[in-house]
Amino acid sequence: MKDQFVIACLADLTMQDEVISHAAFLARMLHKGIILLYVEDKRYGNLTTKEAEQPIANIEATLTDLKPAHVIMKGALKEVVNALPTLLNGVVAVVGINPKAKRGSLTHPRTVLHLFNECKIAYLTVQQRLQDPHNYDRVAFGVDFRKESKDKLVWASYFARFNHSQLNMLHFYYSDEGLRKKWSNNVLFMNKLFANLGVSYTDHVVSGHALFPETIICDSAAQQGCGLLISVTTDTRDLDVIEWVAGVAEHRTISNLACLPVLYINPRNDIYVLCD
């Protein structure tokens, strides 16, 4: 048995191919186990545990090299998601999203963000099947003036260390001296961390002004041919008036038109990371 697991969230089996393709890649990359998770939740009216047994067994049979485990249970899906690190030793979850899904369904982007907004592990949202593992050869993340930018760095280093991915650090130029100083401090922290880990990155300045700067970062990452964006979700304790009215950045980046997978990290002090 492995010490930690990639959790393939399969509560909606309509996106099993998309979820499994990315989850299997992460398990191989990180040398972790993989758990196929199905939760019957009456709130969403998905398959019963009995109905899910054969589809899950069929998926398990395709992953013989990974020797997957499976968990099929009944309960509140959000409670299970919140307990992933302690209940299943999860280190990262993979979940499928469909921007065209019916509002309130399990694959609707806002449903996924609601289910995972208290999750203590990183979660990867995917729209398409992973056709080529080399898609992860270039990984993007933004660094701005907020302290939460630092939360992306450990996961960025995993891709550089275990997949030899090229890291693209994207940022804006800040004309405000105070913001520029905060951004510089974050970069200094990043440089020290990456130097200790033997990780390098390329620096890209992005231009433009938007209500949600992370959407520009996401678009720029896709234009540069990156296969993944690492992003930190908005701290709900710090929402401003505009975010209350217009929504938060992840409502837009999760369903980006380029179908770029987004690895989200919630801004918490007790986030679980790899034992490596």
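If you're wondering where the values come from, they're calculated on a predicted model, not measured in any experiment.

A. Quick peek at helix H5 (residues 109–116). For H5, a buried count of six out of eight residues is recorded, marking the element as mostly surrounded by other parts of the structure. Those residues of H5 that sit buried are Pro109, Thr111, Val112, Leu113, Leu115 and Phe116. Against the buried residues of H5 lie strand E1 (5–9), helix H3 (77–82), strand E4 (90–96), strand E5 (122–126) and helix H10 (250–253).

B. Spotlight on the pairing of strand E10 (residues 262–265). Of the two faces of E10, the one holding Val262 and Tyr264 and the one holding Leu263 and Ile265 are both buried throughout. In this sheet, E10 lies alongside E5 in antiparallel orientation, the contact comprising three bridges. Paired with Leu124 across the two strands is Leu263, which belongs to E10. Both strand E9 (residues 228–232) and E10 contribute to a ladder of four bridges, which runs parallel. Looking across to E10, one finds that Ser231 is bridged to Tyr264.

C. Just unusual backbone geometry, in detail. The phi dihedral of Lys67 falls on the positive side, at around 50 degrees, and the residue is not glycine. Topologically, Lys67 is positioned in the loop between helix H2 (49–61) and strand E3 (69–74). Even without being glycine, Cys259 reaches a positive phi, approximately 60 degrees.

The rules behind the values
- Residues numbered from 1 in each chain as written.
- Predicted model: local features only at pLDDT ≥ 70, side-chain atom pairs only at ≥ 80, totals over all residues.
- Heavy atoms only, no water.
- Buried < 20%, exposed > 50% of the residue type's maximum accessible area, 1.4 Å probe, protein only.
- Helix = DSSP H or I, 4+ residues; strand = E, 2+ residues; numbered from the N terminus.
- Contact = heavy atoms within 4.5 Å.
- Pairing = 2+ DSSP bridges.

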